[in-house]
Amino acid sequence: MSKIIRIGTRDSELALYQANRVKSELEKLGHKAKIVAVKSAGDLELDKPLYELGITGIFTRTLDIAMLNGDVDIAVHSLKDVPTVLPKGIVQAAVLERGNVRDTLVYKNNEEFLGARDGVIATSSLRRKAQWLNRYPTHTVEDIRGNINTRLQKLEESETWHGAIFAAAGIGRLELRPEEAVNLDWMVPAPGQGAIMVAAREIDEDILAICAEINHEETEICTTIERTFLNKLEGGCTAPIGALAYIKSEQVVFRVILLSPDGSKKIETDRVVKLGKHQDLAATVAEFVLDRGGKYIMEGLHSEEKKTSVFSTKLLTNDQKDRFTKGITVESKDFIKVSPNRLPPRIFKKEIENVIITSKNAVESIVTNFPGSELQFKNIYCVGRKTRRFIKNNIGPVVHFEKTARELAHYLVDNLETKEVTYFASNLRLDDLPAILEENNITINEVEAYQTKFDTKKLDDTIESVLFYSPSGVESFLLENKPNVIAFCIGDTTAVEARKKFSDVRVAKLPTVESVIDLVNEHYK
């Protein structure tokens, strides 16, 4: 064939590498070829993770159109990005010999965070996210987008991420694999991962014949099994599905995994069959997985779009998550971090007549510095029933409590005999209580008992409502997010802060997490 074969590709560095690899293979066989680079929607939409963009084949669609229009003769893709059902008129023409199939963790500093409770990992893949959370359920997984260089740079610049997950083949092909990297042999890769695929028009018989010359049969067999399994589960690249087939000693080894998006549910299995007897392997394993509960996981995935998404600015327990009614999906993260201060011993040397405590955090800080049984607090006043109970269990009885700091301030103005109080507070606190007391000539000895630090996160646009438990949580949220959601608040003090920015604020009947959840359920029933 004398004409120049036009190779369509995305214009990212990795895509161009793969296209040039195909070009080199063709030229070795005496064919002429050139690269035609185009942008895809997947390259342009960098503000959302892939599974949030709502379509499969996002990296292939633009090239499919270019090929069907006759602008290019073939298109080169990472096989894991290609939908299992190709557009009418387009077929898989070849798959090159596979590279490294594994996922790779690139970490910062060291790997010690793997044994810690609060590790933070970045990935845009729902499959990687689900497997990571299944193995490390207390970790946080955050989204990261961009090409490999961009993602490596984001990881380096991040102050919170401990690591990010990459395809080993990608960082290897671009020679970007850092020393601080380890292959995740326990993580099942995406179907087709590590393989380069060539697509062509079904009617171009000459092109198909040429591409067949660069096809690697063993890779084709293995990736076909993986992608057939994916198709049988009705999953695209948006489903947390892993599948890996390889040939060893004339046998096909096939390992698969299906998880719920949060990693809490997992179905996995391994099968081995003789090479040549593998034609029904994918269908058999898919049926096994679906019968073992995979059907319900997949149904849940397909109904995700119908669900209401809410976010809690406080990390929720499993029991609290289960309290949400069907149809509501919840994510949670602590938007504020608290650490007790070291308090000077002189504070506790003599009896304190009037003590004000407005949170459990203050109690924890006090008893961390000084044994509760030895504290000389004559009259303790506090905010909230839970705080009162916590004080009673750790320090002693409470003279009086109110639901809010403002209400407590007014009570103290009317009832204090000695016009002096010691207030154990945070570095971040509302001014209501001290302002009211000072206006009424009550002396305040304020002790900074603990530090409250913001630890915010930019939320996805699909979040409809946010749960708040403190004014500081509201402030933290607003650092990265717009107040265009419903704010469900644990009490009036939090609601006052929320109403400064949010147009729709709801307040729970009781100042408990469970009561806030019940309020959400009632709204969405």
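Residues numbered from 1 in each chain as written. Predicted model: local features only at pLDDT ≥ 70, side-chain atom pairs only at ≥ 80, totals over all residues. Heavy atoms only, no water.

### Let's talk about the pattern of salt bridges
(1) Moving on: Taken as a whole and judged by the stated rule, the model has 21 salt bridges.
(2) Moving on: Across the pair Arg201 and Asp204 runs a salt bridge whose closest N-O atoms are separated by 2.7 Å.
(3) Moving on: Through salt bridges with shared partners, a single ionic network connects Lys3, Arg6, Asp73, Arg201 and Asp204. (Salt bridge = Lys/Arg side-chain N within 4 Å of Asp/Glu carboxyl O.)

### Observations regarding the sheet that holds strand E11 (residues 241-248)
(1) Moving on: Spatial strand order, E11-E12-E13: three strands in an open sheet with antiparallel pairing. Two strands lie at the open edges of the sheet, namely E11 and strand E13 (266-274), each paired on one side alone. Strand-to-strand twist of the sheet, defined as the mean angle between neighbouring strand axes without regard to direction, takes the value 10°.
(2) Moving on: Inspection of the sheet shows E11 paired to strand E12 (residues 251-259) by eight bridges, in the antiparallel sense. Within E12, the position partnered with Ile247 by the bridge is Val252.
(3) Moving on: Lying on the sheet, helix H4 (residues 126-135) is in contact with E11, E12 and E13; it crosses E12 at an angle near 80°.
(4) Moving on: In the packing of helix H8 (residues 217-232) onto the sheet, contacts are made with E11 and E12, and the angle to E11 comes to roughly 150°. (Pairing = 2+ DSSP bridges. Helix = DSSP H or I, 4+ residues; strand = E, 2+ residues; numbered from the N terminus. Axes fitted to C-alpha atoms, helices over the stretch in contact; angles between N-to-C directions. Contact = heavy atoms within 4.5 Å.)

### Some remarks on the packing of helix H11 (residues 360-369) against helix H12 (residues 385-394)
(1) Moving on: Contact geometry for H11 and H12: axes closest at 9 Å, N-to-C directions at 15°. In terms of orientation, H11 lies roughly parallel with respect to H12. The hand of the H11/H12 crossing is right-handed. Between H11 and H12, the residues in contact are Lys360, Val363, Glu364 and Val367 and Lys386, Thr387, Phe390, Ile391 and Asn394, respectively. (Parallel < 35°, antiparallel > 145°, perpendicular 65-115°, else oblique. Left-handed = near helix turned anticlockwise from the far one by under 90°.)

### Let's talk about the sheet that holds strand E5 (residues 103-107)
Each strand in a sheet pairs with its neighbour through backbone hydrogen bonds, running either in the same direction (parallel) or in the opposite one (antiparallel).
(1) Moving on: The strand order across the open sheet formed by five strands is E7-E6-E8-E5-E9, and the pairing between neighbours is mixed. Of all the strands in the sheet, the pair left with one neighbour each is strand E7 (140-142) and strand E9 (181-183). For this sheet, the mean angle separating the axes of adjacent strands, direction not counted, is 30°.
(2) Moving on: Relative to strand E8 (residues 163-167), E5 runs antiparallel, the two sharing five bridges. What sits directly across from Asp103, in E8, is Ala167.
(3) Moving on: The strands touched by H4 within the sheet are E5, strand E6 (120-122), E7 and E8, with E8 carrying the most contacts at an inclination of about 130°.
(4) Moving on: Sheet strands in contact with helix H5 (residues 148-157) are E5 and E8, and its direction is about 165° off that of E8.

### Observations concerning a positive patch on the surface
(1) Moving on: Taken together, the side chains of Lys314, Lys360, Arg385, Lys386, Arg388, Arg389, Lys392 and Lys403 define a basic patch exposed on the protein surface.
(2) Moving on: Here Lys386 shows up in helix H12.
(3) Moving on: When its relative accessible area of 37% is taken as the criterion, Lys386 is described as partly exposed. (Patch = residues over 30% accessible without salt bridge, like charges linked within 9 Å, V, L, I, M, F, W, Y side chains within 5 Å. Areas by Shrake-Rupley, 256 points an atom, 1.4 Å probe, with all protein chains shown as cover. Lys, Arg positive; Asp, Glu negative; His and termini not counted. Charge placed at Lys NZ, Arg CZ, Asp CG, Glu CD. Buried < 20%, exposed > 50% of the residue type's maximum accessible area, 1.4 Å probe, protein only.)

### A closer look at a negative patch on the surface
(1) Moving on: A surface patch of like charges, here negative, comprises Glu97, Glu217, Glu218 and Glu220.
(2) Moving on: Residue placement: Glu220 occurs in helix H8.

### Focus: unusual backbone geometry
(1) Moving on: The phi dihedral of Glu175 is positive, around 55°, even though this residue is not glycine.
(2) Moving on: Positive phi outside glycine occurs at Ser249, with the angle close to 55°.
(3) Moving on: Inspection of the secondary structure puts Ser249 in the loop between E11 and E12.
(4) Moving on: Since its relative accessible area comes to 64%, Ser249 is described here as exposed.

### A few points about the nonpolar core
(1) Moving on: With 23 residues, the main nonpolar core has Ile225, Phe229, Ile241, Phe254 and Val289 as its most contacted residues.
(2) Moving on: For this core, the element with the highest residue contribution is helix H9 (residues 281-302), accounting for eight residues.
(3) Moving on: Apart from residues lying up to four places away in sequence, Phe254 is in contact with Ile225, Glu226, Phe229, Ala243, Leu244, Ala245, Thr269, Asp270, Arg271, Leu281, Ala282 and Val285.
(4) Moving on: With 21 residues, the next largest nonpolar core counts Ile357, Ile395, Val398 and Ala449 among its residues. (Core = buried A, V, L, I, M, F, W, Y, C linked by side-chain atoms within 4.5 Å.)

### Overview of the confidence of the model for the protein chain
Predicted coordinates in areas of low pLDDT are best not read in detail.
(1) Moving on: Chain-level pLDDT for the protein chain is 89 on average; 94% of the residues reach the 70-or-more range.
(2) Moving on: For the stretch residues 41-59, pLDDT sits under 50, and the model shows 48 contacts to residues farther than four places along the chain or on other chains. (pLDDT = per-residue confidence, 0-100.)

### A look at the packing of aromatic side chains
(1) Moving on: Evaluated as defined, the whole model comprises 14 aromatic pairs.
(2) Moving on: With centroids separated by 5.8 Å and ring planes inclined at 40°, the aromatic side chains of Phe377 and Phe424 adopt a geometry described as tilted. Residue Phe377 is located in strand E18 (residues 377-383), and its partner Phe424 is located in strand E20 (residues 420-426); the two are separated by 47 residues in the primary sequence.
(3) Moving on: Of the residues examined, Phe377 reaches a relative accessible area of 13% and is grouped as buried.
(4) Moving on: By relative accessible area, which is 0% here, Phe424 ends up buried.
(5) Moving on: Pairing Phe468 with Phe477 gives two aromatic rings, centres 5.3 Å apart and planes at 80°, and the pair type is edge-to-face. (Phe/Tyr/Trp six-rings, centres within 6.5 Å; stacked < 30°, edge-to-face > 60°.)

### Structural notes on the packing of helix H13 (residues 405-415) against helix H14 (residues 432-439)
(1) Moving on: Remark: H13 packs on H14, axes separated minimally by 8 Å, with the N-to-C direction vectors making an angle of 20°. Considering the angle they form, H13 stands roughly parallel to H14. The element H13 and its partner H14 pack so that their crossing is right-handed. Between H13 and H14, the contacting residues are Ala405, Arg406, Leu408, Ala409, His410, Leu412 and Val413 on the first element and Asp432, Leu433, Ile436 and Leu437 on the second.
(2) Moving on: Class assignment for the residues of the contact of H13 with H14 results in eight nonpolar, one polar and two charged. (Nonpolar A, V, L, I, M, F, W, Y, C, P; charged D, E, K, R; others polar.)

### Brief notes about the side chain of Arg201
(1) Moving on: Counting through the fold element by element, Arg201 comes out in strand E10 (residues 196-201).
(2) Moving on: A distance of 2.6 Å separates the side chain of Arg201 from the backbone oxygen of Met67, its partner in a polar contact.
(3) Moving on: At a separation of 2.7 Å, a polar atom in the side chain of Arg201 contacts the side chain of Asp204. (Polar contact = N/O pair within 3.5 Å; in protein donor to acceptor, adjacent residues only side chain to side chain.)

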